[in-house]
Amino acid sequence: MSQNSNDRPDGDLRKTGMALRHDREWDYELDRIVEAVEERDADSVGLQLPEGLKRRGPGVADDLRETLPDDVTVLISGQPCYGACDLDTYLMKRTDVFVHFGHSPMKESEKIIYVPLFSNVEVLPIVERSIDEELTPADEDGDVGLVTTAQHMNKFDDMREYLEDQGYTVHTRRGDDRLTHEGQVLGCNYASADVDADQILYVGGGKFHPLGLAMEHPEKKVVIGDPVNNTVTVADTEKFMKQRYAAVHKAMDADSWGVIFCTKIGQGRWDQAQEIVENNDDAYLLTMDEVTPDRLLNFGLDAYVNTGCPRITTDDGPQFNSPMLTPGEYKIAIGEKPLDELEFDTFHGTW
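Okay, so let's go over this structure.

1. Comments concerning the pairing of strand S12 (residues 303-306)
Moving on, step 1. Side chains of S12 alternate between two faces, with Ala303 and Val305 and Tyr304 and Asn306 buried alike.
Moving on, step 2. Taken together, the four bridges between strand S10 (residues 257-262) and S12 define a ladder with parallel strand orientation. Looking at S12, one finds that Val259 is bridged to Val305.
Moving on, step 3. Of the pairings in the sheet, the one linking S12 to strand S13 (residues 324-325) comprises two bridges and is parallel in character. Counted as the bridge partner of Tyr304 is Met324 from S13.
Moving on, step 4. In this view, the connection linking S12 to its parallel neighbour S13 by way of helix H10 (residues 310-316) has right-handed handedness.

In structure tokens:
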């Protein structure tokens, strides 16, 4: 049974044309997609959206189908997607134009159109509140690092200029090759925050990015300015650290280990996985594309080491029936490193 148009979520683009006024937050850049189809004389278009925006996929497809020639097929990826490291390679190989929404390029490719979905949410009010409520006044400590996510990179210069107008010296840098923009952070990479400042202003939604940032740079105060929820807070790692310490302690009693090598195109750390297995006769190398508690339950091992996306361990760790550790935590559990060297797992470089 087809879905009635009245039942579709906000984001049904069919009546909006190319101006995209349907959505106050995102720009799907459909004109760029249509142009690519025309240039390549494409017969098929593949769309990949992150989990939080998959419900908008049918609306995006509707608007494209109204604009594209009738013989162009639009396919929507149903595979999980959590980053630019998580491309649907099957769909990418089988479509003439492949569009990845929601993330900036991790590695450039002529085959892929990256649509970062820049937000048009105003950011300067939350920067002003961050100054008033949590940042050290400029006349006491004028150095501040500035970072954000891909969705707000279109406002990055505005944020920097505003801070400078308030008397701050703003420190920014581009991290490593995994990052596209100066000042950009990912859920697995905070190299852009490695700047000469004791306080960092993170502008963006959610707490995972700033939490990881605070773990990666424990010497810095990380202020979270969330322009979507209009909140200003300071990253607090205490609860997270207790969870990780508990997982490591539980894993110290493990007699058997599963070492996970993730087969997603941008999440594999083969050398780390192989090294662990070569040096532990009770470790088994598991290859998986999607790591879930149910899948691991079938193996029945005492503990697991995740060499794939760090967020599997940190976000979903408490949901697993057996301890799920990062490679660094594994070394602590088997006695190769002291407990006080526990740190956040990050991912560097591309494939």
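2. Examining the environment of Tyr190
Moving on, step 1. For Tyr190, the location among the structural elements is in the loop between strand S6 (169-171) and strand S7 (199-203).
Moving on, step 2. For Tyr190, a relative accessible area of 0% gives the class buried.
Moving on, step 3. Taking the C-alpha atoms as reference points, Tyr190 and Pro227, 37 residues apart in sequence, are found 20 Å from one another.
Moving on, step 4. Leave out the neighbours within four places in its chain, and Tyr190 touches Val185, Phe208, His209, Gly212, Leu213, Glu216, His217, Phe344 and Thr346.
Moving on, step 5. A polar side-chain atom of Tyr190 sits 2.7 Å from the main-chain carbonyl oxygen of Gly187.

3. With respect to the packing of aromatic side chains
Moving on, step 1. Summed over all chains, the structure comprises five aromatic pairs.
Moving on, step 2. Both rings, one in Phe240 and one in Phe344, keep their centres 5.9 Å apart while their planes meet at 45°; by these two values the pair is tilted. One end of the pair, Phe240, is in helix H7 (residues 238-251); the other, Phe344, is in the segment after helix H11 (327-333), with 104 residues separating them in the sequence. Accessibility assignment for this pair places Phe240 and Phe344 in one class, buried.
Moving on, step 3. A centroid spacing of 5.2 Å and a plane angle of 85° characterise the contact between Phe261 and Trp270, whose relative ring orientation is edge-to-face.
Moving on, step 4. The exposure class assigned to Trp270 is partly exposed, which follows from its relative accessible area of 38%.
Moving on, step 5. Cluster of aromatic residues (ring-pair linked, three or more members): Tyr190, Phe240 and Phe344.
Moving on, step 6. In this arrangement the basic side chain of Arg94 is found over the ring face of Tyr90, its NZ or CZ atom lying 3.7 Å from the centre.

4. Observations concerning the pattern of salt bridges
Moving on, step 1. In this structure the tally under the stated criterion is 14 salt bridges.
Moving on, step 2. Residue Glu182 is joined to Arg160 by a salt bridge in which the shortest nitrogen-to-oxygen separation is 3.0 Å. In this pair, Glu182 is assigned in the loop between S6 and S7 and Arg160 in helix H5 (residues 156-165), connecting sequence segments 22 residues apart.
Moving on, step 3. For Arg160, a relative accessible area of 18% corresponds to the buried category.
Moving on, step 4. Between Arg295 and Asp289 there is a salt bridge, and its shortest N-O distance comes to 2.8 Å.
Moving on, step 5. Look at Arg295 and you get partly exposed, because its relative accessible area is 37%.
Moving on, step 6. What you see here is one network of salt bridges that share partners, running through Asp86, Lys264 and Glu290.

5. Observations concerning unusual backbone geometry
Moving on, step 1. Positive phi is not limited to glycine here, since Glu29 has a value of about 50°.
Moving on, step 2. Among the secondary structure elements, Glu29 is positioned in the segment before helix H1 (30-40).
Moving on, step 3. Glu29 sits in the buried class, given a relative accessible area of 16%.

6. A look at the state of the cysteines
Moving on, step 1. The full count for this structure, using the stated rule, is zero disulfides.
Moving on, step 2. Its sulfur unpaired, Cys262 is 7.9 Å from the next cysteine sulfur, which belongs to Cys309.
Moving on, step 3. Residue class for Cys262 comes out buried when judged on its relative accessible area of 1%.
Moving on, step 4. Of all cysteine sulfurs, the one in Cys85 lies closest to Cys309, which takes part in no disulfide; the gap is 5.8 Å.
Moving on, step 5. Residue Cys309 is classed as buried on the basis of its relative accessible area, which comes to 15%.

Calculation rules
The residue numbering used here restarts from 1 in each chain and proceeds along that chain's sequence as written. Reporting of local features is limited, given that this is a predicted model, to residues whose pLDDT is at least 70; pairs of side-chain atoms are given and counted only at 80 or more, and all residues count toward the totals for whole chains, interfaces and linings. Note that water and hydrogens are dropped before the side-chain values are worked out from all heavy atoms of the structure. Exposure categories follow from relative accessible area, calculated using a 1.4 Å probe and restricted to protein chains: below 20% of the type maximum is buried, above 50% is exposed, and the middle band is partly exposed. Secondary structure counts use DSSP, requiring at least four H or I residues in a row for a helix and at least two E residues in a row for a strand, with both numbered from the N terminus. Any two strands with at least two DSSP bridges between them are considered paired. Here is how to tell: hold the view so the strands point away, follow the path from the first strand over the helix to the second, and if it runs clockwise the crossover is right-handed. Pairs of residues are marked as contacts when any of their non-hydrogen atoms sit within 4.5 Å. Whenever two N or O atoms come within 3.5 Å, that pair is a polar contact, provided that in protein one can donate a hydrogen and the other can accept it, and provided that, for residues adjacent in sequence, both atoms are side-chain atoms. Whether two aromatic rings pair depends on their centres lying within 6.5 Å, for rings of Phe, Tyr and Trp, where Trp uses its six-membered ring; planes under 30 degrees apart make the pair stacked, over 60 edge-to-face, and the rest tilted. By definition, being over a ring means that NZ of Lys or CZ of Arg is both within 6 Å of the ring centre and within 35 degrees of the ring normal. Throughout this description, the term salt bridge denotes a Lys or Arg side-chain nitrogen within 4 Å of a carboxyl oxygen of Asp or Glu. In plain terms, two cysteine sulfur atoms within 2.5 Å form what is called a disulfide here.

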